[in-house]
Structures are given as C-alpha cells and as structure tokens.
Amino acid sequence: MKSKEYEMKRGNIAIFVPHCGCPNDCSFCNQRTISGTVKAPTAEEVKRICDEALERSTIAAESAQIAFFGGSFTAIERELMVALLEAAYQYVADGRVSGIRVSTRPDAIDSDVLDILKKYGVESIELGIQSMRDEVLVRNRRGHNSQQVKEAAGLIKEFGFEFGAQMMTGLYGDDDEGAEYTAGEILKLGPDTVRIYPTVVLKGTELERLMRCGLYLPKDAYESVGLCARLIRKFEEAGVRVIRVGLHASENVESEMVGGAYHPAFRELCEGELMKGEILDSLKCRGQGDYTVLVNPKDISKAVGQGKRNINELKKLGYNVTIKGNEKVGRGAAEIQEG
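Keep in mind it's a predicted model, so treat the numbers as computed, not measured. (Residues numbered from 1 in each chain as written. Predicted model: local features only at pLDDT ≥ 70, side-chain atom pairs only at ≥ 80, totals over all residues. Heavy atoms only, no water.)

Peer 1: Would you mind going over helix H2 (residues 43-56) with me for this structure?
Peer 2: The α-helix winds at 3.6 residues per turn, so residues separated by three or four positions along the chain end up facing the same way. Its 14 residues place the ends of H2 20 Å apart at the C-alpha level, agreeing with the 20 Å of an ideal helix rising 1.5 Å per residue. The complete set of buried residues in H2 reads Glu45, Val46, Ile49, Cys50 and Ala53. Along the axis of H2, the buried residues cluster in a sector spanning 130 degrees; they form a single face. Along H2, the residues that are exposed and aim more than 90 degrees away from the buried face are Glu44 and Glu55. (Helix = DSSP H or I, 4+ residues; strand = E, 2+ residues; numbered from the N terminus. Expected span 1.5 Å × (residues − 1). Buried < 20%, exposed > 50% of the residue type's maximum accessible area, 1.4 Å probe, protein only. Arc of directions from axis to C-beta.)

Below, the structure written as structure tokens:
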C-alpha cells in the first residue's frame, strides 16, 4: 500500500494525522486507509513536508495554507498539538503561507482551544459534522450530537475563523431526506465552505460488518450522484463554496474499499448530472427530436457525461443531442438549436 504523507493541491499542504485525538471509532472510519499514513507527524516532519511541498509548488503564498487533516486536531494531546502548530506557524510568520487550516470534531471546540489556534495563525476550522440527525450520529458511533455542532459552529464564527462543514450521505440509518435535512441545517450555521462525502465502506470498519451481515446496504457512486448533485446546487445557490465532493482518489481507498460510493472523478459525475438537468430543462418545452446543444468549451465533458452517459440517457428520453462548444455560452448553461 502506497503511503502518502502530503498533497499540494489548490493551495493546501495537507498533513495527515490519522485517528489522532479521535475518542470514537466511527462506523465508517479508517483514516489510515484514507490518508495512507499510520502515525502522527512530528514537528520536524511537519517542517520537512512543508519545505518539500513549497519547493515544488508554484502557488502564491497568499493562496497557500498548511492543513492538518485526518484526525480530530483539537482533541489530540495538547503538547503535541501546540508543537505541530509551532512548526507550521513559522511558515505563516515568514510569509511563505497565508495561514493554517485544521479539521476537528464538534465536541473538541471550546474558547481555550480557539485562543490557541488564533495565536498560531489558524485561519480555517472544518467540523466533521456528517449528519444533523441525532439518531444517525448515534448509529454511526460519532460520539457527539447536533446541539454540539451548533455550539461549536457558533464559537468558531464568533472567534472570526473561516468555518468549514463536512457532511456525509448514505450513512447507516440515513436516507436522502436525512441528507437534505442535514444540508439545510448546515446552511443555518452559516458555513463558508462545505465538503460532501458519500459513504465509502472500507475494510475493517463497523460498516463493513453491518454490510456483511445484511444490515446495511450502501449506495454505489451512480446511485449517489443525483442526491449529491442536488446538494451541490443547494449550497452553491446559497453562496457556500463546495470545496470537495467524494473521497480523494487514491490507491489506498481503491484497494481497501468493499462497497459504497467511490469514484475517482465523483465530483465530475455530479457536475455532469447538473449539466444534464440544465439541458433537459431546455429540451422539455421543445418535444422529442434531434438537437445541437451549445455549452461552454470547458463544460463539454460534463455535458457529454462519462462514457457518454448523459447523451445516452437523453436519447432514451427521445432527445438525440450533439454537444458543441461555444465560448459565448456561460459556464453551467446550455443553449439549444434545432437539428
């Protein structure tokens, strides 16, 4: 299994701290598989990772963040947390990165820890919310409830941090209606960013056991696309940036997954579903027939769909479409021509 210590993407130097600080074994969680790491980094390793990533990166300092992901950062042993922050803060202080981003649990946020994070240049805090339905949180062994989410989100915003929310779909005991409810409740918290993770069943997790026993039937990627596409639209229409949809593609996940909604280009599937909906809305008032659909050149692959999925599905509905690029068409829009 290939180990992956960090990634430099969209301005993040992502440093993984698998299971550090987590007081629970959530039903779905195997951070060692997701991150490709088996132990927490030391302060010296943080410096090495940052130096290597910045040396290879062409991203401007004002756009770069050091991001501690994977575990519950504010719940780890305080001395280790401060040591990691001190190592990372050197890069903030000398202007090589803009700040630090951390991911944590709702029940590991209080005024004291936020004071520490503020001191060491943390800009953004992401909460692993997963669901706002308490019965779903209990079934999946999260160890926190929806009220704690609300309290933590309120404190994060009060202290002036950028607030990120992470939610999951397809959890044990949840359904599409529950995911829509969770998204609505998250919007009430006023997040700046959101990550949407459809559930992937990994080896060695409680979800695998439940699945093997026939007590849990996970949705696959294609069954999850419609819901996640709707959630993307819901958040974006509310002005919230959706910064990830689906687990990051990796050899570890692909080799360790035993079910669920994994696809290496899951967000593209969702965006393709949104484009199909846009095209279909424009076609419904015209009747079945042959049409040319003009989209922005950057949207062609989404309009066509992976493996011509959208073209084939529209054809089943009686619409024979040819997709063409046109610079005059806005992103996400579609213009219809006869023939």
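Peer 1: Hey, could you run me through the nonpolar core in this one?
Peer 2: For soluble globular proteins, the rule of thumb is that nonpolar side chains tend to be buried together. Counting 63 residues, the largest nonpolar core has Ile66, Phe68, Ile196 and Phe235 as the members making the most contacts within it. Once residues within four sequence positions are removed from consideration, Ile196 is found in contact with Met167, Thr169, Cys228, Leu231, Ile232, Phe235, Val242, Arg244, Val245 and Gly246. (Core = buried A, V, L, I, M, F, W, Y, C linked by side-chain atoms within 4.5 Å. Contact = heavy atoms within 4.5 Å.)

Peer 1: Mind showing me how you'd approach unusual backbone geometry here?
Peer 2: Leaving glycine out, the prevailing phi sign among residues is negative, and the prevailing peptide bond configuration is trans. Phi at Gln130 takes a positive value of approximately 70 degrees, unusual for a residue other than glycine. As for its placement among the helices and strands, Gln130 is situated in strand E5 (residues 122-130). A positive phi angle, near 60 degrees, is found at Arg141, a position not held by glycine.

Peer 1: Can you walk me through helix H4 (residues 111-119) in this structure?
Peer 2: Of all the residues in H4, the buried ones are Val113, Leu114, Ile116 and Leu117. Viewed along the axis of H4, the buried residues span an arc of 155 degrees, placing them on a single side of the element. Facing away from the buried side of H4, by more than 90 degrees, are the exposed residues Asp112 and Lys119. Of the surrounding elements, those touching the buried residues of H4 are helix H3 (78-93), strand E4 (99-104), E5 and helix H6 (146-158). Of the residues that open H4, the one with a side-chain oxygen 3.1 Å from the backbone nitrogen of Asp112 is Asp110. Of the residues trailing H4, Gly121 is marked for its positive phi of about 80 degrees. (Polar contact = N/O pair within 3.5 Å; in protein donor to acceptor, adjacent residues only side chain to side chain.)

Peer 1: In this structure, what is going on with the pairing of strand E6 (residues 162-169)? I would like to understand it.
Peer 2: If a strand is regular, its side chains alternate between the two faces of the sheet. Of all 8 residues in E6, 7 are buried; the element is thus mostly enclosed. Inspection of the sheet shows E5 paired to E6 by 6 bridges, in the parallel sense. Counted as the bridge partner of Glu126 is Gly164 from E6. Across 6 bridges, E6 lies against strand E7 (residues 193-198) in parallel orientation. Note on E7: the bridge partner recorded for Thr169 is Pro198. The β-α-β motif built from E6, the intervening helix H7 (residues 176-188) and the parallel element E7 has right-handed crossover chirality. (Pairing = 2+ DSSP bridges. Right-handed = clockwise from strand over helix to strand, strands pointing away.)

Peer 1: Which parts of the structure should I look at to understand the sheet that holds strand E12 (residues 319-325)?
Peer 2: Two strands in a sheet stick together by hydrogen bonds in their backbones, pointing the same way (parallel) or opposite ways (antiparallel). Pairing in this open sheet of 3 strands is mixed, and the strands run E12-E11-E13 from one edge to the other. Looking at which strands have only one partner, the edges of the open sheet turn out to be E12 and strand E13 (335-338). Shown here is a sheet whose adjacent strand axes are inclined to one another by a mean of 30 degrees, direction ignored. Along the sheet, helix H11 (residues 266-283) contacts strand E11 (289-295), E12 and E13; its crossing angle with E12, the most-contacted strand, is approximately 120 degrees. (Axes fitted to C-alpha atoms, helices over the stretch in contact; angles between N-to-C directions.)

Peer 1: Please clarify how the packing of H7 against helix H9 (residues 221-237) should be interpreted in this entry.
Peer 2: Packed helices, taken two at a time, are described by their axes: the angle between them and the distance between them. Contact geometry for H7 and H9: axes closest at 11 Å, N-to-C directions at 15 degrees. Relative to H9, the element H7 is oriented roughly parallel. Crossing of H7 over H9 shows right-handed handedness. Note on element contacts: H9 touches H7 through Leu227, Arg230, Leu231, Lys234 and Phe235, opposite Asp176, Ala179, Glu180, Ala183, Gly184, Ile186 and Leu187. Looking at the contact of H7 with H9 residue by residue, the class counts come to 7 nonpolar, 1 polar and 4 charged. (Parallel < 35°, antiparallel > 145°, perpendicular 65-115°, else oblique. Left-handed = near helix turned anticlockwise from the far one by under 90°. Nonpolar A, V, L, I, M, F, W, Y, C, P; charged D, E, K, R; others polar.)

Peer 1: I'm lost on the packing of H3 against H4 in this one. Help?
Peer 2: Closest axis-to-axis distance for the H3/H4 pair is 10 Å, and the angle between their directions is 25 degrees. With respect to each other, H3 and H4 are oriented roughly parallel. Considering how the two elements wind past one another, H3 and H4 form a crossing that is right-handed. Contact with H3, carried on its side by Arg78, Met81, Val82, Leu85 and Tyr89, involves Val113, Ile116, Leu117 and Lys119 of H4 and no other residues of that element. Classifying every residue of the contact of H3 with H4 by side-chain character gives 7 nonpolar, no polar and 2 charged.

Peer 1: Is there a simple way to think about the packing of aromatic side chains in this case?
Peer 2: What characterises a pair of aromatic rings is the spacing of the ring centres plus the angle enclosed by the ring planes. In total, this model carries 3 aromatic pairs according to the counting rule given. Summarising the aromatic geometry, the rings of Phe68 and Phe73 are spaced 4.7 Å apart at their centres and angled 20 degrees between planes, so their arrangement reads as stacked. We note that Phe68, like Phe73, is buried. With centroids separated by 6.1 Å and ring planes inclined at 85 degrees, the aromatic side chains of Tyr89 and Tyr120 adopt a geometry described as edge-to-face. With Tyr89 in helix H3 and Tyr120 in the loop between H4 and E5, the pair connects residues that are 31 residues apart, well separated along the chain. (Phe/Tyr/Trp six-rings, centres within 6.5 Å; stacked < 30°, edge-to-face > 60°.)

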